[in-house]
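Inside the fold
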There are 2 protein chains.
Amino acid sequence: MRSLKTAVIQQQCSHDINANHRKSAEFIRDVASAGTELILLQELHSTVYFCQTKNPDNFKLAETIPGRTTEYFSRLAKKHHVILVISLFEKQMDGLYYNTAVVLEKDGSIAGKYRKMHIPDDPGYHEKYYFAHGDLGFQPIQTSIGKLGLLICWDQWFPEAARLTALGGAEILLYPTAIGWDKRETEKTQQKELNAWQTIQRSHAIANHLPVMVANRIGFEPDPSHETSGIHFWGNSFICGAQGEMLAHTDDKTEGYLIAEFDMEKTKQLRHIWPFFRDRRIDQY
Amino acid sequence: MRSLKTAVIQQQCSHDINANHRKSAEFIRDVASAGTELILLQELHSTVYFCQTKNPDNFKLAETIPGRTTEYFSRLAKKHHVILVISLFEKQMDGLYYNTAVVLEKDGSIAGKYRKMHIPDDPGYHEKYYFAHGDLGFQPIQTSIGKLGLLICWDQWFPEAARLTALGGAEILLYPTAIGWDKRETEKTQQKELNAWQTIQRSHAIANHLPVMVANRIGFEPDPSHETSGIHFWGNSFICGAQGEMLAHTDDKTEGYLIAEFDMEKTKQLRHIWPFFRDRRIDQY
């Protein structure tokens with residue numbers, strides 16, 4: 001057994017970037033002291049979810065890599081000797097921006113980054129306005145604890161993304177996300193959406209025999225354009241094992257973190273018993 | 001709303017083909033009289049699951065299309081004016097056999113067939129010995145009630161199969177299956193396997209916004225080779241809606257059928273709200 005203890009952080013964000021960072025830092029301190037080696041933060045955790053509206057002023061929230069956010073969290077990764085997976089609004093140059101997740105090593109160095117490949121564009125989620133489509137492909141990132149398969153939010157609805165990341169050698173799939181309810185929908189519709197979101201991500205674990213970590217935002221954020229009634233981010237972050245079994249999960253109200261430990265040898269065992277990869281019809285896909 | 005009432009049949013099979021057919025016929029009569037238009041039978045429902053052992057004598061169970069089983073069920077389809085999806089061991093010629101599902105129209109004609117594309121080969125499931133890999137691709141079958149996306153058992157673990165069938169225009173996904181427990185495994189392991197099986201198939205509904213119908217065999221069948229301790233087929237057939245929500249499901253003990261009705265317009269509505277197909281990165285797959 002090769003055991004790995006991991007954590008997911010779920011928080012509400014405000015317009016105060018420093019306050020958002022400090023809150024993350026406190027949770028990181030707590031889970032690091034509990035012995036976790038890998039910590040995942042939610043999508044765009046430095047800011048509010050600014051994509052609810054199309055506003056050119058929001059491009060000033062973008063930052064370079066390395067830059068303010070990577071430097072802040074690099075110091076924490078080094079201080080606590082943990083791997084941090086963070087998420088930010090990346091500026092490559094004026095006019096070219098990405099929705100990017102970055103892996104910081106235990107020594108504070110940047111291990112690699114992933115640029116969101118599937119970009120949504122719906123009422124309340126105007127991401128195609130802000131982000132170019134990811135150009136780095138589905139490449140897991142090598143770290144001192146194994147290869148991490150990063151995917152971001154909307155990517156979670158695409159089994160292709162999980163599969164290609166697994167084929168690249170990922171040992172864990174990680175999804176920083178920001179998804180929530182439109183409270184004008186019925187309770188039943190809201191519950192169906194949450195169940196679908198949980199089920200599709202658990203299915204990526206099952207299809208690829210990989211543990212899955214999901215960090216989602218919580219709290220209400222109004223829509224500055226008043227186009228929608230704002231988003232109630234539904235939290236419900238979770239960690240599941242390589243057969244999609246729930247190891248830890250939370251609700252839509254609790255700010256904080258989840259901790260789960262998994263056996264990194266489990267993937268190999270399952271792949272020998274359930275040899276899905278052997279039987280893919282690559283001649284037909 | 002364009003409503004469709006459907007049924008799934010789950011039964012135990014014996015070595016008596018006539019008895020297996022008669023049992024299916026009784027269930028078909030019952031669900032047809034309840035007003036269903038589309039009825040799905042489980043994988044290889046004419047026989048025991050003969051793939052537990054490699055025995056050349058079993059090739060005599062194979063049959064042509066049209067042949068004994070299609071003729072039997074064609075008469076029932078016409079008699080009850082229903083669409084039947086049946087499953088059989090297809091003989092193309094001596095030495096070339098497939099695991100095939102056939103769609104029979106309300107007038108008893110053959111609407112089309114699907115040959116299992118992903119063939120398992122594990123202790124207790126020696127399918128690569130009996131079946132050539134399907135050569136017809138992932139092509140849904142046009143019927144008087146819409147396009148049916150047939151997939152068979154092991155296909156259920158491959159999101160690629162569901163996706164390609166959906167891209168071909170399928171309006172429903174149907175899985176005849178034969179899967180069960182090795183009772184030497186712990187209860188916990190058995191439950192994890194069942195949950196994974198249910199979750200992965202519900203995820204195909206979610207990823208593609210299609211209802212999913214699953215018919216699984218029940219009952220214990222010994223392994224004639226004594227290589228394994230035999231298979232306890234776990235039943236648990238179900239029908240879920242286009243967001244993966246359970247509409248009807250059963251357990252591992254009850255022989256019989258499930259009935260569920262769904263709105264065939266739901267797929268279009270969901271695809272406009274959650275436009276996954278628009279955002280696939282076909283340049284990167």
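Conventions we followed
- Residues numbered from 1 in each chain as written.
- Chains lettered and ligands numbered in written order.
- Predicted model: local features only at pLDDT ≥ 70, side-chain atom pairs only at ≥ 80, totals over all residues.
- Heavy atoms only, no water.
- Contact = heavy atoms within 4.5 Å.
- Salt bridge = Lys/Arg side-chain N within 4 Å of Asp/Glu carboxyl O.
- Polar contact = N/O pair within 3.5 Å; in protein donor to acceptor, adjacent residues only side chain to side chain.
- Helix = DSSP H or I, 4+ residues; strand = E, 2+ residues; numbered from the N terminus.
- Nonpolar A, V, L, I, M, F, W, Y, C, P; charged D, E, K, R; others polar.
- Axes fitted to C-alpha atoms, helices over the stretch in contact; angles between N-to-C directions.
- Parallel < 35°, antiparallel > 145°, perpendicular 65-115°, else oblique.
- Left-handed = near helix turned anticlockwise from the far one by under 90°.
- Buried < 20%, exposed > 50% of the residue type's maximum accessible area, 1.4 Å probe, protein only.
- Pairing = 2+ DSSP bridges.
- Phe/Tyr/Trp six-rings, centres within 6.5 Å; stacked < 30°, edge-to-face > 60°.
- Lys NZ or Arg CZ within 6 Å of the ring centre and 35° of its normal.
- Right-handed = clockwise from strand over helix to strand, strands pointing away.
- Least-squares fit on C-alpha atoms with pLDDT ≥ 70 in both.
- Core = buried A, V, L, I, M, F, W, Y, C linked by side-chain atoms within 4.5 Å.
- 1 Å grid on protein atoms, 1.4 Å probe; cavity = no way out; pocket = protein on both sides within 12 Å on 5 of 7 lines; lining within 4 Å.
- Points joined across faces, edges and corners; volume = space filled by probe spheres on them.

**Brief notes about the interface of chain B and chain A**
Contacts between chain B and chain A engage 40 residues on the former and 40 residues on the latter. On inspection of chain B and its partner chain A, the count reaches 10 salt bridges. For the salt bridge of Arg 278 of chain B with Asp 122 of chain A, the shortest nitrogen-to-oxygen distance reads 3.9 Å. The interface formed by chain B and chain A holds 19 residue pairs in polar contact (both at pLDDT 80 or more) in total. Those elements that place two or more of their residues in the side of chain B that touches chain A are helix H4 (159-167) and helix H5 (187-208) of chain B. Considering every element that reaches the side of chain B that touches chain A, the biggest residue donor is H5 of chain B, with 9 residues. Residue composition of the side of chain B that touches chain A, by class: 19 nonpolar, 8 polar and 13 charged.

**Some points on the packing of helix H1 (residues 17-33) of chain B against helix H2 (residues 68-80) of chain B**
Residues and elements named next belong to chain B. Viewed as axis vectors pointing N to C, H1 and H2 meet at an angle of 20 degrees, and their least axial separation amounts to 11 Å. Classified by the interaxial angle, the pair formed by H1 and H2 is roughly parallel. The hand of the H1/H2 crossing is right-handed. For the pair H1 and H2, the contacting residues are Ile 17, Asn 18, His 21, Arg 22, Ser 24, Ala 25, Ile 28, Arg 29 and Ala 32 in the first and Arg 68, Thr 69, Tyr 72, Phe 73, Leu 76 and His 80 in the second.

**Quick word on the pattern of salt bridges**
Under the defined criterion, the tally for this structure stands at 42 salt bridges over all chains. Its salt-bridge partner being Glu 221 of chain A, residue Arg 217 of chain A comes within 2.7 Å of it at the nearest N-O pair. On the basis of relative accessibility, which here comes to 0%, the residue Arg 217 of chain A falls in the buried class. Using a relative accessible area of 4% as the deciding quantity, one classes Glu 221 of chain A as buried. The salt bridge partner of Asp 283 of chain B is Arg 281 of chain B, with a shortest N-O separation of 3.1 Å.

**Let's talk about the sheet that holds strand S2 (residues 38-40) of chain B**
Sheet strands associate in pairs through backbone hydrogen bonding, adopting either a parallel or an antiparallel arrangement. All names here are of chain B. Taken in spatial order, the 6 strands of this open sheet run S5-S4-S3-S2-S1-S15, and their pairing is mixed. Of all strands in the sheet, those with a lone pairing partner are strand S5 (110-115) and strand S15 (256-263), marking the two edges. For this sheet the average axis-to-axis angle between neighbouring strands, irrespective of direction, equals 30 degrees. Those strands touched by H2 are strand S3 (83-93), strand S4 (96-104) and S5, and its axis lies near 160 degrees from that of S3.

**Details of the packing of aromatic side chains**
Where two aromatic rings form a pair, the distance of their centres and the angle of their planes describe that pair. Residue and element names in this part refer to chain A. For the structure shown, the criterion picks out 51 aromatic pairs over all chains. An aromatic cluster is defined as three or more aromatic residues linked by ring pairs; in this entry it consists of Phe 50, Phe 59, Phe 89, Tyr 97, Tyr 129, Tyr 130 and Phe 131. Over the aromatic face of Phe 277 sits the side chain of Arg 163, whose NZ or CZ is 5.0 Å from the ring centroid.

**Some points on the sheet that holds strand S14 (residues 246-249) of chain B**
All names here are of chain B. The 6 strands lie next to each other as S6-S7-S8-S10-S13-S14, forming an open sheet whose pairing is mixed. In this open sheet, the two edge strands, each paired with only one partner strand, are strand S6 (141-143) and S14. Averaged over all adjacent pairs, the angle separating strand axes in this sheet is 20 degrees, with direction ignored. Where strand S7 (residues 146-150) and strand S8 (residues 172-177) come together, 3 bridges link them in parallel fashion.

**Examining the pairing of strand S7 (residues 146-150) of chain A**
All names here are of chain A. A large share of S7 lies buried, amounting to 4 of its 5 residues. For strand S6 (residues 141-143) and S7, the ladder comprises 3 bridges, and the chain directions are antiparallel. Note that in S7 the partner of Ile 141 across the bridge is Leu 148. Linking S6 back to S7 in an antiparallel pair, the connection comprises 2 residues. Handedness of the S7-helix H4 (residues 159-167)-strand S8 (residues 172-177) crossover: right-handed.

**Remarks on the relation of the copies chain B and chain A**
Rotating chain B by 180 degrees and translating it 0.0 Å along the rotation axis places it on chain A, where the RMSD comes to 0.0 Å. Here the two chains are linked by the operation of a two-fold rotation axis. In this assembly the copies share their binding face: 100% of the residues contributing to the interface of chain B also contribute to that of chain A.

**Description of the nonpolar core**
Core analysis: the biggest nonpolar cluster contains 71 residues, and Leu 38 and Trp 157 of chain B have the highest contact counts within it. With 5 residues, H5 of chain B is the single largest residue contributor to this core. In contact with Trp 157 of chain B, not counting residues within four places along its chain, are Arg 163, Ile 206, Ala 207, Trp 274 and Phe 276 of chain A together with Ile 179, Ala 196, Trp 197 and Ile 200 of chain B. Core analysis: the second largest hydrophobic core is formed by 70 residues, Val 103, Ile 141, Leu 148 and Phe 262 of chain A among them.

**Some remarks on the layout of surface pockets**
A volume near 680 Å³ is recorded for the largest pocket. Asp 182, Glu 185 and Glu 193 of chain A together with Ile 273 and Trp 274 of chain B are the residues nearest the centre of the largest pocket, which is lined by 32 residues in total. If you list the elements that add at least two residues to the lining of the largest pocket, you get strand S9 (180-181) and helix H5 (187-208) of chain A together with helix H6 (266-273) of chain B. Looking at the lining of the largest pocket element by element, the count peaks at 5 residues for H6 of chain B. Considered class by class, the residues forming the lining of the largest pocket number 13 nonpolar, 10 polar and 9 charged. Each pocket or cavity is described by its volume, and for the second largest pocket that value is around 470 Å³. In terms of lining residues, the second largest pocket is bounded by 21 residues, among which Ile 273 and Trp 274 of chain A together with Asp 122, Pro 123 and Tyr 125 of chain B are the most central. Partitioning the lining of the second largest pocket into residue classes produces 12 nonpolar, 4 polar and 5 charged.

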